[in-house]
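# Structural overview
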Amino acid sequence: MDLDTLSARLSTLEQAGLDAIRAASSPEALEAVQVAYLGRRGELKTVLGGIGALPAPDRPQVGAIGNAVREALEAALEIRRRELQTAALDARLARETVDVTLPGRPFRSGSLHPLIETNREIARIFGQFGFVVYEGPEVESDARNFQALNIPPDHPARDLWDTLYVDVPGYLLRTHTSPGQIHVMQQTAPPIRALLPGRCFRYEAVDASHGFEFFQVEGLMVDEGTTMADLRGLLDAFAQAMFGRGRPTRFRPGYYPFTEPSVAFDVQCVVCNGVGCPSCKRTGWMTILGAGMVHPVVLRNGGLDPERYQGFAFGLGTDRIAILRYGIDDIRMFLENDLRFLEQFS
Ligand SMILES: [Zn+2]
């Protein structure tokens with residue numbers, strides 16, 4: 001081993017080391033290159049191990065070359081280390097970039113159900129006349145649902161309501177909101193102005209205009225000197241507010257066991273304005289509710305003296321009002337929870 005050979009080997013080693021450093025594509029690879037060339041058992045140590053075979057005067061020169069190679073490799077390692085760090089940071093930033101030009105994800109917000117909206121509108125209109133909202137139970141006693149409303153067990157009028165009974169004897173799913181009248185009369189002293197919205201149930205075959213579950217709003221006013229004219233005036237005002245000013249209305253004779261006299265309240269067809277169309281069965285009129293003066297028997301069952309107090313009651317179908325209000329032709333849509341239907345009301 002002579003000086004030139006050793007110098008040449010160091011020069012080759014330096015070049016190979018620099019190439020390896022430049023080729024390292026990750027911090028781990030660079031670490032491996034450093035160990036391979038500058039480690040305790042690395043290439044440089046191995047080559048310099050030959051220094052002992054040189055004549056003593058040549059040794060410092062080779063030592064100096066060796067140091068220069070070490071420094072060159074260390075400098076190159078440092079540069080490459082920074083390059084890799086910068087590249088890693090750039091890659092991470094690129095990965096985490098938020099593209100502010102991307103369209104946002106749509107946020108679906110809920111909305112009130114059309115029946116709830118309609119119930120609220122009904123309550124708002126009657127609220128202007130001092131009517132306060134009460135709630136009655138959906139599971140009701142036969143006594144309140146029928147008997148207190150002047151419908152004894154053998155009364156033929158029971159056929160008007162196909163009833164769903166529950167397992168507890170004497171109880172049923174209310175067939176109408178009218179038992180709420182009894183609750184209110186038993187709990188409140190006149191003057192009474194009560195509105196009772198709620199869900200009702202009947203054993204009905206389901207079709208476009210019938211459901212076994214539907215919504216009603218019951219109204220009850222009891223005071224001294226209440227007359228049919230008060231009822232007519234109130235319902236007229238309601239019809240104007242709900243279906244537009246100037247909408248013609250009429251009373252027709254009706255029948256309910258719990259009112260006497262009883263009436264059906266019609267508004268001029270909102271589809272054809274009275275000309276006659278399939279929606280109004282070509283009559284030009286649509287019945288929106290049933291009403292009448294509270295029967296003296298019912299007042300007595302509510303704990304009130306019919307000689308002193310008179311009252312009127314009315315019951316309207318929320319579904320029916322909503323159908324007219326929104327132009328819907330199938331009652332089943334209300335309870336099918338189809339978002340395509342419901343989103344139209346948001
Ligand atoms: Zn019509």
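Residues numbered from 1 in each chain as written. Predicted model: local features only at pLDDT ≥ 70, side-chain atom pairs only at ≥ 80, totals over all residues.

### A look at the nonpolar core
Across soluble globular proteins, nonpolar side chains have a tendency to be buried as a group. Rules: A set of buried residues qualifies as a nonpolar core if it consists of Ala, Val, Leu, Ile, Met, Phe, Trp, Tyr and Cys joined through C-beta atoms within 7 Å. With C-beta atoms placed from the backbone, a residue counts as buried when 20 or more other C-beta atoms lie within 10 Å of its own, as exposed when 12 or fewer do, and as partly exposed for counts between those limits. Think of it this way: build a C-beta for each residue from its backbone, and any pair within 7 Å is a contact.
With 48 residues, the main nonpolar core has Ala194, Val222, Leu235, Ala291 and Phe312 as its most contacted residues. Excluding residues that lie within four positions of it along the chain, Ala291 makes contacts with Leu231, Leu235, Thr259, Val263, Phe265, Phe312, Ala313 and Phe314. If you look at the next biggest cluster of nonpolar residues, it comprises 12 residues, including Leu6, Ile21, Leu44 and Leu48.

### Considering unusual backbone geometry
Outside of glycine, negative phi angles account for most residues, and trans bonds account for most peptide bonds. What counts here: For the purposes of this entry, the term helix denotes a DSSP run of H or I that reaches at least four residues, the term strand denotes a run of E that reaches at least two, and both are numbered from the N terminus.
Cis geometry marks the peptide bond from Pro190 to Pro191; its omega dihedral reads 5°. With respect to the helices and strands, Pro191 occurs in the loop between helix H7 (179-187) and strand S4 (192-201). Cis peptide bonds are those with omega within 30 degrees of zero, and the linkage from Glu260 to Pro261 qualifies with -5°. Along the chain, the position of Pro261 falls in strand S7 (residues 259-268). With phi around 55°, Asn337 is a residue other than glycine that occupies positive phi space.

### Let's talk about the domain arrangement of the protein
Quick note on the threshold: For the purposes of this description, domain bounds are those given by an automatic or database domain assignment.
Annotation of the protein at the domain level lists domain 1 (3-95) and domain 2 (114-345). Summarising the inter-unit geometry, the C-alpha centres of domain 1 and domain 2 are found 95 Å apart.

### Quick word on the environment of Gln15
Inspection of the secondary structure puts Gln15 in helix H1 (residues 3-23). Taking C-alpha positions, Gln15 is 9.9 Å from Ala72, a pair spaced 57 residues apart along the chain.

### Some words on the sheet that holds strand S8 (residues 285-294)
Using the following cut-off: What makes two strands pair is DSSP finding at least two bridges between them. Whenever a helix is involved, its axis is fitted only over the stretch in contact; in every case the axis is a line through C-alpha atoms, and angles between N-to-C directions fall within 0 to 180 degrees.
With respect to topology, 7 strands assemble into an open sheet ordered S1-S4-S5-S9-S8-S7-S6, the strand pairing being mixed. Every interior strand has two partners, whereas the edge strands, strand S1 (132-133) and strand S6 (249-254), have only one. Where helix H8 (residues 228-243) meets the sheet, its contacts fall on S6, S7, S8 and strand S9 (310-317), and the angle it forms with S6 comes to roughly 130°.

### Quick notes on the pairing of S9
By the criterion of burial, S9 is predominantly enclosed, with 8 of the 8 residues buried. The two faces of S9 match: Gln310, Phe312, Phe314 and Leu316 on one face and Gly311, Ala313, Gly315 and Gly317 on the other face are all buried. Here 8 bridges tie strand S5 (residues 213-223) to S9, and the two strands are oriented antiparallel to one another. In the strand pairing of S9, Leu220 is matched with Ala313. For S8 and S9, the ladder comprises 5 bridges, and the chain directions are antiparallel. Counted as the bridge partner of Gly290 is Gly315 from S9.

### Brief notes about H1
Formally: Multiplying 1.5 Å by the helix residue count minus one yields the expected span of that helix.
Taking 1.5 Å as the rise per residue, H1 with 21 residues should run 30 Å; its terminal C-alpha atoms sit 30 Å apart, in good agreement. Tucked into the core, H1 has its buried residues touching helix H2 (27-38), helix H3 (43-48) and helix H4 (59-95).

### What to know about helix H5 (residues 114-127)
Applicable threshold: In this description, one arc is meant: the one made by directions from the helix axis to the C-beta atoms.
Between its first and last C-alpha atoms H5 spans 19 Å; for 14 residues at 1.5 Å apiece the expected length is 20 Å, and the two agree. For H5, the complete set of buried residues consists of Pro114, Thr118, Asn119, Ile122 and Phe126. Along the axis of H5, the buried positions cluster into a sector of 140°, meaning they face one direction only. Buried residues along H5 sit against S4, S5, H8 and helix H10 (318-326).

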